[in-house]
Amino acid sequence: MKRRSFVAKSGLGSLAALLGVEVVYGELMPKDYTPVAFQETDPFKLFEKDEAMVVLNDRPWNMEAQAHLLNDRITPNKFMFIRNNGLIPEDIDEKSWKLTIDGESVVSPKSYSLEDLKSKFQHHTYQLTLECGGNGRSEFNPPAKGNQWTIGAVSCAEWTGVRLKDILNDVGVKEDAVYIGYHAADVHLSRNPNKEPISRGAPIAKAMQEETLLAFAMNGKPIPLAHGFPLRLVAGGWPASVSGKWLNRISIRNIVHDGEKMGGSSYRVPCETVAPGETVKDEDMCIIESMPVKSLITHPKSGALIDEGKTLKIRGHAWAGELEVSHMEYSIDYGTSWKSANLEKPKNRLAWQHFDASVSFPKKGYYEIWARATDSNGKKQPMVLPGWNPKGYLNNACHRIAVKII
Ligand SMILES: Nc1nc2c(c(=O)[nH]1)N[C@H]1C(S)=C(S)[C@@H](COP(=O)(O)O)O[C@H]1N2
Ligand SMILES: [Mo]
């Protein structure tokens with residue numbers, strides 16, 4: 001982000017969104033003045049992230065959590081990963097922001113102001129799991145290009161907004177509609193205004209789900225700028241790339257949306273398993289839909305030292321895309337035997353589920369705790385890396401932490 005132009009061109013609304021409070025006397029600020037708060041180049045301060053978050057890239061900004069940072073039931077902003085494909089929009093004005101619905105399969109195109117969306121449609125709040133399709137990529141071999149996410153590109157915040165289906169029904173959807181595609185205000189890395197960093201979408205059935213939101217709030221506050229202020233699509237359980245940030249247009253398509261990062265090896269995997277490194281024909285690649293079953297031990301932090309004779313309380317979350325997690329287990333003997341953990345129901349569909357267990361160890365020494373979730377179709381997480389694919393998506397191998405009993 002270019003600090004100077006950012007401030008010069010930003011509306012007061014986006015300054016306020018970054019600061020989290022109103023900029024009192026903002027209108028009186030000299031035109032080319034850079035407020036002290038924005039002379040800040042420290043990304044942790046700039047995005048209000050915890051300093052234990054890990055920056056993977058600064059152009060575009062990409063930042064992930066560590067497992068123990070994700071211990072909260074509802075992920076707060078400070079621990080939420082950031083995945084940007086382009087540059088954060090610099091001139092957001094909430095008052096003039098418009099969402100346009102168009103496309104081959106719209107009855108007639110229509111635009112809404114944020115005020116229209118907020119005042120004319122019912123509000124809904126859901127806790128929704130958003131996991132980047134590339135979470136876990138760093139383990140793939142041969143290595144896959146892209147951000148080397150370890151385990152921290154997942155969050156489960158509480159999102160408030162209106163149902164996408166209410167808006168789609170308000171504009172009218174033609175019978176031949178098959179997909180929706182989003183368009184957003186972020187800027188391509190080349191700064192070429194004719195190029196979009198990303199423009200993905202979802203089949204009509206996913207768009208019409210009750211939990212698919214056009215959100216204007218996260219955890220009870222306006223969405224932080226890095227996460228899509230002032231409006232974002234939130235489609236829990238699917239690769240988070242479906243959840244378009246800084247949303248200004250949705251096209252109702254009569255074909256599978258063909259926007260940026262819908263084709264080639266982007267968010268697509270071989271329809272059938274292939275050998276690592278194998279070349280896959282374009283027609284043998286399938287778009288990722290529901291994310292696979294997965295879990296994370298968020299307490300204790302890996303490396304914990306435990307006194308001999310004490311039981312250790314472990315905690316974490318598990319999720320399974322469109323499905324529910326039906327069973328949670330842990331192993332302290334490298335997957336040879338498994339014990340059940342307590343597993344809670346999700347707060348709502350598409351929210352992660354919490355688990356805990358009291359673990360005891362036979363004697364002093366080094367141990368690993370492995371966690372394994374099973375989805376409502378009976379599918380279990382693999383113990384090691386699952387099927388290789390060119391871009392390193394969908395690594396749902398068991399999470400493992402190390403502990404020493406002393
Ligand atoms: N407009 C826009 N929306 C976007 C992206 C983006 O670069 N631009 N990145 C997508 C990807 S790949 C992911 S994983 C999620 C990340 O959401 P977060 O940064 O709020 O955690 O946003 C998605 N929505
Ligand atoms: Mo992503």
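From a predicted model like this one, the values you see are computed outputs, not experimental measurements.

## Focus on empty space enclosed by the protein
This model, assessed by the stated rule, comprises three cavities of 30 Å³ or more. In this structure, the largest cavity encloses a volume near 250 Å³. Lining the largest cavity are 22 residues; nearest its centre among them are Arg 83, Arg 232, Ala 240, Ser 243 and Lys 245. Contributing elements (two or more residues each) for the lining of the largest cavity: strand S3 (82-83) and strand S8 (179-184). Across the lining of the largest cavity, the residue classes break down as 11 nonpolar, seven polar and four charged.

## Some points on the site of ligand 1
With respect to spatial proximity, 19 residues lie near ligand 1, and among them Phe 81, Asp 186, His 227, Arg 232 and Lys 245 are the closest. At 2.6 Å, a side-chain N or O of Asp 186 approaches a nitrogen atom of ligand 1. Against a free-state accessible area of 530 Å², the protein chains account for coverage of 100% of ligand 1. When residues of the shell around ligand 1 are traced back to their parent elements, those giving at least two are S3 and S8. Residues of the shell around ligand 1, tallied by class, amount to nine nonpolar, six polar and four charged.

## Observations regarding a nonpolar patch on the surface
Residues Val 24, Tyr 25 and Leu 28 make up a contiguous nonpolar surface patch of roughly 390 Å² in combined accessible area. Examined against the element boundaries, Leu 28 turns out to sit in the loop between helix H2 (12-19) and helix H3 (43-46). Look at Leu 28 and you get exposed, because its relative accessible area is 66%.

## Description of the domain arrangement of the protein
Here the domain parsing of the protein yields domain 1 (2-61), domain 2 (94-287) and domain 3 (294-405). Each of domain 2 and domain 3 was reduced to a C-alpha centroid, and the two centroids are 29 Å apart. At the junction of the two partners, domain 2 supplies 39 residues and domain 3 supplies 25 residues. Counting the surface lost from both domain 2 and domain 3, the interface buries some 2,800 Å², and carbon and sulfur atoms represent 57% of this. Three residues, Gln 127, Glu 139 and Phe 140, lead the burial of domain 2 against domain 3; their summed loss comes to 21% of the area buried on that side. At the boundary of domain 2 and domain 3, one finds five salt bridges. If you look at where domain 2 meets domain 3, you find 18 residue pairs in polar contact (both at pLDDT 80 or more). By residue number, the principal contributor to the side of domain 2 that touches domain 3 is strand S6 (residues 123-131), which donates five residues. Residues of the side of domain 2 that touches domain 3, tallied by class, amount to 16 nonpolar, 14 polar and nine charged.

About the cut-offs
Residues numbered from 1 in each chain as written. Chains lettered and ligands numbered in written order. Predicted model: local features only at pLDDT ≥ 70, side-chain atom pairs only at ≥ 80, totals over all residues. Heavy atoms only, no water. 1 Å grid on protein atoms, 1.4 Å probe; cavity = no way out; pocket = protein on both sides within 12 Å on 5 of 7 lines; lining within 4 Å. Points joined across faces, edges and corners; volume = space filled by probe spheres on them. Helix = DSSP H or I, 4+ residues; strand = E, 2+ residues; numbered from the N terminus. Nonpolar A, V, L, I, M, F, W, Y, C, P; charged D, E, K, R; others polar. Near = heavy atom within 4 Å. Polar contact = N/O pair within 3.5 Å; in protein donor to acceptor, adjacent residues only side chain to side chain. Areas by Shrake-Rupley, 256 points an atom, 1.4 Å probe, with all protein chains shown as cover. Patch = residues over 30% accessible without salt bridge, like charges linked within 9 Å, V, L, I, M, F, W, Y side chains within 5 Å. Salt bridge = Lys/Arg side-chain N within 4 Å of Asp/Glu carboxyl O. Buried < 20%, exposed > 50% of the residue type's maximum accessible area, 1.4 Å probe, protein only. Domains from an automatic or database assignment. Contact = heavy atoms within 4.5 Å. Buried area = accessible area lost by both parts, 1.4 Å probe.

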